[in-house]
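Examination of the molecular architecture
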Amino acid sequence: MSTEIDESARRRPTRAETKARTRRRLLDAAAHVFARKGFAGASVEEIAESAGFSIGALYSNFGGKEALFLALMAERGLGRVAEATHTLERHGAGTGEAAAELGRLLVHTADKDTDFAPLQAEFWLYAVRNPHVLDTMATALREPHQALEGLIGSWLAERGAPPEVSAASVASVVAALFQGLVRQRRIAPDSVPEELFGQALIWLFTGIGRGAAATTDDTTADQD
């Protein structure tokens, strides 16, 4: 009898597991509704109904439509950083294989994941027109940006970059480069071939490496 009770207890999800499943279903439902109707056109009622929950469940887990959308943005950002990290672990930073695979990641985002980039642009306009949202947006996206900083920090260390080249600043440049090329490819696909993003990263980090070498040479010359 005791064994049956123990097995039943093991099968019963914990409160944390139930909450995680609820959040997952709400995020998945939100992704579909936002893709169909845009940020402005989507309603919390439709998202909650699509997930099979009450509006109260949505508000208790995310606080509202803005926070739900930002959670989706952060999740997408973390996913892309994870893909880039795995690419570099397999091939090594600065290699042609890594550059090619990172280029394919951008092309997939531009050509296959066609819903989210317009949604990001729509939400950016919404945030600019509602300045109180900008701080919330920056806070929500801090985690993926910090993950990108960590990845870039490793690249900079491998290249002996000078301390004034901060991982945070380079991460901002890389993120802007990725987002800008995604938009440019959507406008004019031929202007952003598959290899361009990876090549641009090589140009960027080669330049940083040369700057580090020049700084070292200048310091050596001064000492002489």
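You'll find the structure just up there.
Residues numbered from 1 in each chain as written. Predicted model: local features only at pLDDT ≥ 70, side-chain atom pairs only at ≥ 80, totals over all residues. Heavy atoms only, no water.

Helix and strand counts for the protein chain come out as 11 helices and zero strands. Taken across its 224 residues, the protein chain has 33% of its residues classed as buried. Intrachain contacts of the protein chain at a sequence separation of at least 6 include 64% that bridge at least 24 residues. (Helix = DSSP H or I, 4+ residues; strand = E, 2+ residues; numbered from the N terminus. Buried < 20%, exposed > 50% of the residue type's maximum accessible area, 1.4 Å probe, protein only. Contact = heavy atoms within 4.5 Å.)

This part takes up the packing of aromatic side chains. Applying the stated criterion to the full structure yields 10 aromatic pairs. Centroid distance Phe 34 to Phe 39: 5.9 Å. Interplanar angle 25°. Geometry classified as stacked. Exposure class is identical for Phe 34 and Phe 39. Each is buried. Aromatic pair Phe 69 and Phe 123: ring centres 4.8 Å apart, planes at 25°, arrangement stacked. With Phe 69 in helix H5 (residues 65-91) and Phe 123 in helix H7 (residues 116-129), this pair connects stretches of sequence that are 54 residues apart. Residue class for Phe 69 comes out buried when judged on its relative accessible area of 0%. You can call Phe 123 buried: its relative accessible area is 0%. Put simply, the rings of Phe 34, Phe 39, Phe 69, Phe 116, Phe 123 and Tyr 126 touch in pairs and so form one group of aromatic residues. If you follow Lys 65 out to its NZ or CZ, it ends over the ring of Phe 39, 4.6 Å from the centre. Here Arg 76 stacks its cationic end above the ring of Phe 116, 4.3 Å away from the centre of that ring. (Phe/Tyr/Trp six-rings, centres within 6.5 Å; stacked < 30°, edge-to-face > 60°. Lys NZ or Arg CZ within 6 Å of the ring centre and 35° of its normal.)

The subject of this paragraph is the packing of H5 against helix H9 (residues 142-158). Packing of H5 against H9 leaves a shortest axis separation of 8 Å and a crossing angle of 20°. As summarised for this structure, H5 and H9 are arranged roughly parallel, according to the angle between their axes. When you trace H5 past H9, the crossing you get is left-handed. Contact residues: Ala 74, Gly 77, Leu 78, Val 81, Ala 84, Thr 85 and Leu 88 in H5; Glu 143, Pro 144, Ala 147, Leu 148, Leu 151 and Trp 155 in H9. A breakdown of the residues in the contact of H5 with H9 according to their chemical character gives 10 nonpolar, two polar and one charged. (Axes fitted to C-alpha atoms, helices over the stretch in contact; angles between N-to-C directions. Parallel < 35°, antiparallel > 145°, perpendicular 65-115°, else oblique. Left-handed = near helix turned anticlockwise from the far one by under 90°. Nonpolar A, V, L, I, M, F, W, Y, C, P; charged D, E, K, R; others polar.)

Glancing now at the layout of surface pockets. Of the pockets and cavities examined, the largest pocket occupies roughly 970 Å³. Forming the boundary of the largest pocket are 34 residues, of which Gln 120, Leu 148, Ala 175, Ala 176 and Gln 179 lie nearest the centre. Only H5, helix H6 (96-111), H7, helix H8 (132-140), H9, helix H10 (167-187) and helix H11 (196-223) provide two or more residues apiece to the lining of the largest pocket. Counting residues per element, the lining of the largest pocket draws most heavily on H10, at eight residues. (1 Å grid on protein atoms, 1.4 Å probe; cavity = no way out; pocket = protein on both sides within 12 Å on 5 of 7 lines; lining within 4 Å. Points joined across faces, edges and corners; volume = space filled by probe spheres on them.)

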